[in-house]
Amino acid sequence: MKIVLENLRKTFPNRNKKVREDVVAVDNFSFEIPDGELVGLLGPSGCGKSTTLNLICGLEKPTAGKIFFGDEEVTRLPPENRGVGMVFQNYALYPHLTVKQNILFPLQNLKGKDKLSKEEMEKRMTEAAGLVQIDELLERRPSELSGGQQQRVAIARALVKMPRVLLLDEPLSNLDARLRLQTREEIRKIQRATGITTVFVTHDQEEAMSISDRIVVMSRGVIQQIGKPQEVYDNPVNLFVAKFLGTPPINVFEGAVRGETVYIGEDAVLPAKGVPDQEIYLGIRPEGFLLQEDGPLHCSLGGVEVMGRDISIVCTHKCAPGTQIRAIIGAENAVDTACPTARFAVKPNKAFLFARDTEERIRPED
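Note that the coordinates shown come from a computational prediction; the quantities given were computed from them, not determined experimentally. (Residues numbered from 1 in each chain as written. Predicted model: local features only at pLDDT ≥ 70, side-chain atom pairs only at ≥ 80, totals over all residues. Heavy atoms only, no water.)

## A few points about the sheet that holds strand S11 (residues 251-258)
Threshold: A pair of strands is treated as paired once DSSP finds two or more bridges between them. Per the convention used, a helix needs a DSSP run of H or I reaching at least four residues, while a strand needs a run of E reaching at least two, with both numbered from the N terminus.
Spatial ordering of the open sheet is given by S13-S12-S11-S14-S20-S21, a layout of six strands whose pairing is antiparallel. Among the strands making up the open sheet, the edge pair consists of strand S13 (267-271) and strand S21 (361-362). Strand direction decides the pairing type here: strand S12 (residues 261-264) and S13, joined by four bridges, are antiparallel. In the sheet register, Thr-261 faces S13, and the bridge partner there is Pro-271.

## Some details on the packing of helix H4 (residues 147-159) against helix H5 (residues 177-194)
As a reminder of what qualifies: Orientation is described by axes fitted as lines to C-alpha atoms, over the contacting stretch for helices, and by angles from 0 to 180 degrees between their N-to-C directions. Roughly parallel here means an angle under 35 degrees, roughly antiparallel means over 145, roughly perpendicular means 65 to 115, and every remaining angle is called oblique. In this scheme the handedness of a crossing depends on how the near helix is turned from the far one: anticlockwise by less than a right angle means left-handed, clockwise means right-handed. Should any heavy atoms of two residues lie within 4.5 Å, those residues are counted as being in contact. Residue polarity is assigned by list, with Asp, Glu, Lys and Arg as charged and Ala, Val, Leu, Ile, Met, Phe, Trp, Tyr, Cys and Pro as nonpolar; anything else, Gly included, falls into the polar class.
Axis separation between H4 and H5 bottoms out at 10 Å; the angle between their running directions is 20°. Of the possible angle classes, the one that applies to H4 and H5 is roughly parallel. The way H4 lies across H5 gives a crossing that is right-handed. Contacts between H4 and H5 involve Gly-147, Gly-148, Gln-151, Arg-152, Ile-155 and Leu-159 from the first element and Leu-179, Gln-182, Thr-183, Glu-186, Ile-187 and Ile-190 from the second. Split into classes, the residues belonging to the contact of H4 with H5 amount to five nonpolar, five polar and two charged.

## Observations regarding the UniProt feature "domain: ABC transporter" (unreviewed entry) in the chain
The criterion, for reference: UniProt positions are given in the numbering used here, feature names are shortened, and annotations may be inferred rather than shown by experiment.
UniProt annotation of "domain: ABC transporter" (unreviewed entry) refers to residues 3-245 when read in the numbering used here. Between the C-alpha atoms that bound residues 3-245 there is a distance of 25 Å. The span itself is 34% helix and 25% strand.

## As for the sheet that holds strand S1 (residues 3-12)
Here we have four strands laid out as an open sheet, ordered S2-S1-S4-S5, and antiparallel in their pairing. On the outer flanks of this sheet lie strand S2 (23-33) and strand S5 (72-73), each paired with one strand and no other. Both S1 and strand S4 (residues 64-69) contribute to a ladder of five bridges, which runs antiparallel. Residue Arg-9 lies in a different strand from S4, and its bridge partner there is Ala-64.

## Focus on a negative patch on the surface
How we decide: Patch criteria: residues need more than 30% relative accessible area and no salt bridge. Like-charged residues are merged within 9 Å; nonpolar side chains of Val, Leu, Ile, Met, Phe, Trp and Tyr are merged within 5 Å. We get accessible surface area from the Shrake-Rupley algorithm with a probe of 1.4 Å; when it comes to residues, only the shown protein chains can shield them. Salt bridge, as applied in this entry: a Lys or Arg side-chain nitrogen positioned within 4 Å of an Asp or Glu carboxyl oxygen. His is not counted, nor are the chain ends, whereas Lys and Arg count as positive and Asp and Glu as negative. Note on charges: their place is set at NZ of Lys, CZ of Arg, CG of Asp or CD of Glu.
A cluster of like negative charges, contributed by Glu-260, Asp-277, Glu-365 and Asp-366, occupies part of the molecular surface. Note that Glu-365 resides in the segment after S21.

## Comments concerning the environment of Arg-152
Here is the rule: Here the term buried applies to any residue with accessible area under 20% of the maximum for its type, exposed to any over 50%, and partly exposed to those in between, with areas from a 1.4 Å probe on protein chains only.
Examined against the element boundaries, Arg-152 turns out to sit in helix H4. Owing to a relative accessible area of 14%, Arg-152 belongs among the buried residues under this scheme. With 117 residues separating them along the chain, Arg-152 and Val-269 place their C-alpha atoms 50 Å apart. Residues contacting Arg-152, with those up to four places away along its chain left out, are Val-132, Gln-133, Ile-134, Gln-182 and Glu-186.

## A word on the state of the cysteines
Test applied: Criterion for a disulfide: a pair of cysteine sulfur atoms within 2.5 Å.
Within the structure shown, the criterion is met by zero disulfides. Cys-47 takes part in no disulfide bond, and the closest cysteine sulfur, belonging to Cys-57, lies 16 Å away.

## So, the packing of aromatic side chains
Stated precisely, the cut-off is as follows: Only rings of Phe, Tyr and Trp enter the pairing, Trp through its six-membered ring, and a pair is recorded when the two centres are within 6.5 Å. The plane angle decides the type: under 30 degrees is stacked, over 60 is edge-to-face, the rest tilted.
Tallying each qualifying case throughout the model produces three aromatic pairs. Both rings, one in Tyr-94 and one in Phe-105, keep their centres 4.7 Å apart while their planes meet at 50°; by these two values the pair is tilted. Taken together, the residues span a long stretch of sequence, with Tyr-94 in the loop between strand S6 (84-87) and helix H2 (99-108) and Phe-105 in helix H2 at a distance of eleven residues. Under the relative-accessibility criterion, Tyr-94 is labelled partly exposed at 31%. Ring centres of Phe-289 and Phe-344 lie 5.1 Å apart, and the angle between their planes is 65°; this geometry places the pair in the edge-to-face category.

## Digging into helix H1 (residues 49-57)
Among the nine residues that make up H1, eight are buried, leaving the element largely enclosed by the rest of the structure. Restricting attention to buried positions, one finds in H1 the residues Lys-49, Thr-51, Thr-52, Leu-53, Asn-54, Leu-55, Ile-56 and Cys-57. Immediately downstream of H1, the backbone of Gly-58 shows phi near 100°, a positive value.

## With respect to the packing of H2 against helix H3 (residues 118-131)
The interhelical angle for the contact between H2 and H3, taken along N-to-C directions, is 130°, at an axis separation of 10 Å. One element, H2, and the other, H3, form an angle in the oblique class. In this structure, the crossing between H2 and H3 has a hand that is right-handed. Listed contacts from H3 to Lys-100, Ile-103, Leu-104, Leu-107 and Gln-108 of H2 are Met-121, Glu-122, Arg-124, Met-125 and Ala-129. Residues that form the contact of H2 with H3 fall into these classes: six nonpolar, one polar and three charged.

Laid out in C-alpha cells, this is it:
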C-alpha cells in the first residue's frame, strides 16, 4: 500500500501562556512511501517523528495537509477504518490474557462483514505466531515472557489483522543491546516476508540505517533529508544530518577556505575548487583519516584504542574546541604513542564542507 503525505502540518497549543504562538510539531511534511517499503523516521527526541506516525494511523488529526493510502484519502478516517497495525514502545499487551488471547483479541472485535469464523481466527493467529516464532509460547501470559518475546507478541497482534500498513513506534527501545540487534533483524525479515508497507520510528541512527529501505531525517518537525541510508551517510545535505548519522560521530573542525584550499588553523588539508573564500565547518568521518608521517593535518595525540581489526586514535585540535577527534584506521598501522602529535591526510570523499552561517553543504567542483 503506497502512502502519500501532502503538506502535513500539526500544531499544539503552547503550554506557556506567555507565548501566543502554537507549538509546531510537524511542519509542511510531504513524502511518498512506495508500496512494500520499510521507511525509517529518524531524529532526536521532539523532532516530530512520533507525531507523524500518529497522523498516519489516525490517532492525531492534522492541522493542515492530506494523507492518502493508495488513491484513497484517509485524512479524516478513524484509525479503526484505516487498516493499520500499530506496535508501541511499551508493547501494550493485556497482562491477564495469554499470548494466544492477546493475538486473537483484534480479530474478536471485528464486526459486520469483517467478522471472522472461529476457524479463520485460529488460522490467522497460528500464521502470525509462526511468522514471529512464538508458536511454543501461546499459553503463557506476558509476565512469563522476556522483553523480546513480548515484542514479538505485539508484532503478531498487529500482523494478525493483515493490515495495509504496519507502524512501529520506537519498538526496540526497551530491549538490551544484544536483543535489540536480534529483534531488528527479525522485524526486517518479517517485513520482507509479508511485503507490508512499514514505517519505523526511532532515534537510533544505527537501528534505522540497518533495516530501512529509506530514511527520513527530521529536526524540529521539518524533513532535513530523504534517501537510502548509505546515500544519506555519504552525502549529507547539512551539518545536522552529518552529525546525526555515524558511530563514532563525524569530527567537526572550524576552518576557512582561502584560495580554493581548505585550511584548519594553518594546515592546508584539502583542495576546494570553485569555493569562494569564507569561514566554514569541515566534517571528517572517523574513517576519513590516513595516518601519514608528512600528513598536512596536525592533531595532538591523546591515546590509542585497539578494537581488533581497527584502531581508534583519540586526538584533540584547537579548531575543534571541547571535543575529541576520533580517527579509525586499520590495525596494521603502527602508531607512535611516544610522539605528542599525530599527522593525517584526509580522504576527500569522507570530508564535507558546510557554510559557517547556514550550516548547509558546500560542494567543491570536481
